[in-house]
Amino acid sequence: MAARASLASALLLATLLGGLGSARAQDCFYKLGASWGTAGFPQGVAIVASDNSIIATVTGGSPSVKRLTSQGVQLWSTPLTAQPLHIGVDSANDRVYVGDRSSIQVLTLSGTLLTPWPSPGAVGIAVAADGSLFVTTSSSGIVIHYAGNGTVLKQTGGFVNPWGVAVSPTIGDVFVSDPSVSAVKRLSASDFSVLKAFSVTGAPDGLAVDSSGNLLVSRVSASVVQLFSPDGALLCTLASSISPEDVAYSSAGFLALADTSNSRVVRFDGAPAAPVPSLAIPTPSRAFAAVSKPAAAATQPFAATTQPFAAISKAITSATSQAFTAAAPAPPSPLSPPATPAPPPALTAPAATPPPALTAPAPAPPPAPTAPAPAPPPAPTAPAPAPPPAPSTPKTVPTGAVELKDAKDQAERRGLRH
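Just so you know, these numbers come straight off a predicted model, no measurement behind them.

**Thoughts on the pattern of salt bridges**
Right, so step 1: Considering all chains together, one arrives at five salt bridges under this definition.
Right, so step 2: Linking Asp 51 and Arg 67 is a salt bridge whose minimum nitrogen-to-oxygen distance equals 2.9 Å. One end of the pair, Asp 51, is in the loop between strand E2 (41-48) and strand E3 (53-59); the other, Arg 67, is in strand E4 (residues 64-68), with 16 residues separating them in the sequence.
Right, so step 3: Between Arg 264 and Asp 259 there is a salt bridge whose closest N-O contact spans 2.6 Å. The pair Arg 264 / Asp 259 is uniform in exposure class, with both members buried.
Right, so step 4: The network of salt bridges with common partners includes Asp 173, Arg 186 and Asp 231.

**Structural notes on the nonpolar core**
Right, so step 1: Ranked by size, the top nonpolar core spans 15 residues in total, and within it Leu 216, Leu 255, Leu 257 and Phe 268 carry the most contacts.
Right, so step 2: Of all the elements in the fold, those that place two or more residues in this core are strand E20 (224-228), strand E21 (234-239), strand E22 (244-249), strand E23 (254-259) and strand E24 (264-270).
Right, so step 3: Looking at which element gives the most residues to this core, the answer is E21, with three residues.

**Observations regarding the sheet that holds strand E7 (residues 95-99)**
Right, so step 1: Ordered by their spatial adjacency, four strands build an open sheet running E6-E7-E8-E9, and the pairing between neighbours is antiparallel. With partners counted over all chains shown, the strands left at the sheet margins are strand E6 (87-90) and strand E9 (117-118), one partner each.
Right, so step 2: Pairing of E7 with strand E8 (residues 103-107) involves four bridges; the strand directions are antiparallel. Bridged to Tyr 97 within E8 is Val 106.

**Regarding the pairing of E22**
Right, so step 1: With respect to burial, E22 is a largely interior element, six of its six residues being buried.
Right, so step 2: By the bridge criterion, five bridges tie E22 to E23 in an arrangement that is antiparallel. Residue pairing in the sheet places Tyr 249 in a bridge with Leu 255 of E23.
Right, so step 3: The loop that links E22 with its antiparallel partner E23 comprises four residues; one of these, Gly 253, has a positive phi angle of about 100°.

**Quick notes on the side chain of Asp 210**
Right, so step 1: Its location among the elements puts Asp 210 in the loop between strand E18 (207-209) and strand E19 (215-219).
Right, so step 2: For the buried residue Asp 210, which engages in no salt bridge, the nearest side chain bearing the opposite charge is Arg 186, 13 Å off.
Right, so step 3: Of note is the side chain of Asp 210, whose polar atom sits 2.9 Å from the backbone nitrogen of Asn 214.

**Focus on the packing of aromatic side chains**
Right, so step 1: Under the criterion given, the structure shown has four aromatic pairs.
Right, so step 2: Ring plane angle 40° and centroid distance 5.8 Å describe the contact between Trp 117 and Tyr 146, whose orientation is recorded as tilted. Here Trp 117, found in strand E9, pairs with Tyr 146, found in strand E12 (residues 142-146); they are 29 residues apart in sequence, far enough to count as distant.
Right, so step 3: Using a relative accessible area of 12% as the deciding quantity, one classes Trp 117 as buried.

**Looking at the environment of Ala 208**
Right, so step 1: Structurally, the position occupied by Ala 208 is in strand E18.
Right, so step 2: Owing to a relative accessible area of 7%, Ala 208 belongs among the buried residues under this scheme.
Right, so step 3: Between the C-alpha atoms of Ala 208 and Gly 164, which are 44 residues apart in sequence, the distance is 8.6 Å.
Right, so step 4: Discounting chain neighbours no more than four positions away, the residues touching Ala 208 are Ala 166, Asn 214, Leu 215, Leu 216, Val 247, Ala 248 and Tyr 249.

What counts, and at which threshold
Residues numbered from 1 in each chain as written. Predicted model: local features only at pLDDT ≥ 70, side-chain atom pairs only at ≥ 80, totals over all residues. Heavy atoms only, no water. Salt bridge = Lys/Arg side-chain N within 4 Å of Asp/Glu carboxyl O. Helix = DSSP H or I, 4+ residues; strand = E, 2+ residues; numbered from the N terminus. Buried < 20%, exposed > 50% of the residue type's maximum accessible area, 1.4 Å probe, protein only. Core = buried A, V, L, I, M, F, W, Y, C linked by side-chain atoms within 4.5 Å. Pairing = 2+ DSSP bridges. Lys, Arg positive; Asp, Glu negative; His and termini not counted. Polar contact = N/O pair within 3.5 Å; in protein donor to acceptor, adjacent residues only side chain to side chain. Phe/Tyr/Trp six-rings, centres within 6.5 Å; stacked < 30°, edge-to-face > 60°. Contact = heavy atoms within 4.5 Å.

Listed below in structure tokens is the structure:
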């Protein structure tokens, strides 16, 4: 009954999952937590590691950079002269970097503007653990690696329209999105060699990497955020009524999204990154796999029932095999090397064993028959001679007496007659 109930529950779960659509993807790992309106269109978001606060860039009539607490309380807002795009934060060195297509704006974590860096076409910015920056430039199709002081360290091409960029905190590799070709490339941070390139359905925009090294990709045109493994395997999809231009990951377990079309910053709460792959169900085949597990569990009692018979069969097979194995040496005797040595040990062991057993009982029987054997002969020998003398004497005497008596009687009878 329990197995049937489990199977029925699995079937119901599979049916429900098959019909949830975008709700299923949303429940996969993150759920809408809160949202805060902005006077304009947010383009980029980043997380301050020290307190998990959110920094967002806003375009429109009054371009600015804003810092919000994780609960949406505004801490400060700094106006800009150019339209800001994506943003990078270096909490350790008190720096905020903003790309505006013509330069990189530099601010402190308290919102103070510093001297900008010239960087034509700057769009996406990611800060590495050592304080260096990786910047995408859409106008020239290259990615530039800057030192923390603005010095260019190296650059690479091979992109049509590089946009979002993120650095993995676990392996140090650099991910770059190229929406014009619907692809993401994973580069080595040391020499920009391409380690992996994979396609993304639609146009990938903003990027972020979670604490497990998985890649978050925002797709404003499809209103989704997708989670990929470092090698490009799709793990999960978050779908909602949002248009995420950019995404940022907090170690506190939430996502911050720049919801451009709806003029708001959105927070999605969820479990830590590690459980995400195990909860992901991107295709129906996994649902059917879930159904098959209870069915497999239901067959376990039958499998357990057959185990004793299997054990008996195995024992019989083993015993039979041993018997044939023991008898086998006889036929192979034509092969003198293996057959000849085998019999002698077998015959020598039993031959030596019987003699001790026969030697012990042999002496015991002789004394027992010797004592009773002489006793019977004397008994019949003594009475045997006694009877013969008794009858032999009367037989001789009576015979003559009888004959004389008969003759005398006859004579007397004759005399009497006469």
